Amino acid sequence: MNILVINGPNLNLLGIREPDLYGRQDYAALVSLVEETCRQAGMDVEVFQSNHEGAIVDKIQEALGKFDGIVINPAAYTHTSVAILDALKAVALPAVEVHISDVSQREDFRQISYAGMACVKTYMGLGLEGYRQALLYLKEYLQTH
Ligand code: CA2
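Per chain, the residues get numbers from 1 upward, laid out in the order the sequence is written. With the structure being a predicted model, the display of local features is reserved for residues of pLDDT at least 70 and the display and counting of side-chain atom pairs for 80 or more, all residues being used for whole-chain, interface and lining totals. Note that water and hydrogens are dropped before the side-chain values are worked out from all heavy atoms of the structure.

Novice: Whenever I open this one, the site of the ligand confuses me. Can you help?
Specialist: Being near a molecule or strand, for a residue, comes down to having at least one heavy atom within 4 Å of it. Neighbouring the ligand are 17 residues; N73, H79, I100, S101 and R110 lie closest to it. Residues adjacent in sequence count toward polar contacts only when both atoms are side-chain atoms; beyond that, a polar contact is any pair of N or O atoms within 3.5 Å, and within protein one must be able to donate a hydrogen and the other to accept it. At 2.8 Å from an oxygen atom of the ligand is found a side-chain nitrogen or oxygen belonging to N73. Note that an oxygen atom of the ligand is positioned 2.7 Å from one of the backbone N or O atoms of I100. Note on areas: these come from Shrake-Rupley sampling with a 1.4 Å probe, and a residue is covered only by the protein chains present in the view. Look at the ligand: alone it shows 510 Å² of surface, and the protein chains cover 92% of it. Residues were grouped as follows: Ala, Val, Leu, Ile, Met, Phe, Trp, Tyr, Cys and Pro as nonpolar; Asp, Glu, Lys and Arg as charged; and all remaining residues, including Gly, as polar. Tallied by class, residues from the shell around the ligand come to nine nonpolar, five polar and three charged.

This is the structure:
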């Protein structure tokens, strides 16, 4: 089972500001958590981060035929990007959405998730633990669908 994890803009800055929202762990810790979770679950994983919408669209397109499923935190593009939604729909790979913070309790402009419309499940407000749960859910989903 080969999984692609995609992180959107500014998530590479994790741990340097806004610890109340995003915790104190840095981006390297996120990558380690994902890699360790996948190692224990017997899954292969690639972790990709970009600050550019088009690069994320390209990566989703390239996933077809290469990966079995996607875990995605599109960050701010969650609330704006129909292009990422369309790419997820186009490749039609099972995708799980993750948000570190609880976006449901934040500003009105964060209440819409375009990417989420193409995802089988969303985890939010669990910190980095959300990535672990998303990966394990995706494994279960892929085994049963
Ligand atoms: O909660 C999440 O995971 C978000 O996807 C994070 C995005 C935000 O725009 C979404 O509404 C919710 C922001 C990521 C920015 O990360 C930072 C990291 C360090 C310092 C400042 C921001």
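Novice: Explain the sheet that holds strand β5 (residues 121-124) here, please?
Specialist: Adjacent strands of a sheet form backbone hydrogen bonds with each other and so pair up, either parallel or antiparallel. One bridge is not enough; two strands pair if DSSP finds at least two bridges between them. Only DSSP runs of H or I reaching four residues or more are called helices, and only runs of E reaching two or more are called strands; each is numbered from the N terminus. Here we have five strands laid out as an open sheet, ordered β2-β1-β3-β4-β5, and parallel in their pairing. Lying at the two open borders of the sheet, with one neighbouring strand each, are β2 (44-49) and β5. In this sheet, neighbouring strand axes are inclined to one another by 20° on average, regardless of whether the strands run parallel or antiparallel. In terms of strand pairing, strand β1 (residues 2-7) meets β2 through six bridges, oriented parallel. Residue pairing for β2: I6 is matched across the bridge by F48. Running over the sheet, helix α2 (residues 27-41) touches β1 and β2 and is turned about 160° from β2. The convention used is that axes are lines fitted to C-alpha atoms, helices contributing only their stretch in contact, and that angles between N-to-C directions extend from 0 to 180 degrees. By definition, residues are in contact when any of their heavy atoms lie within 4.5 Å.

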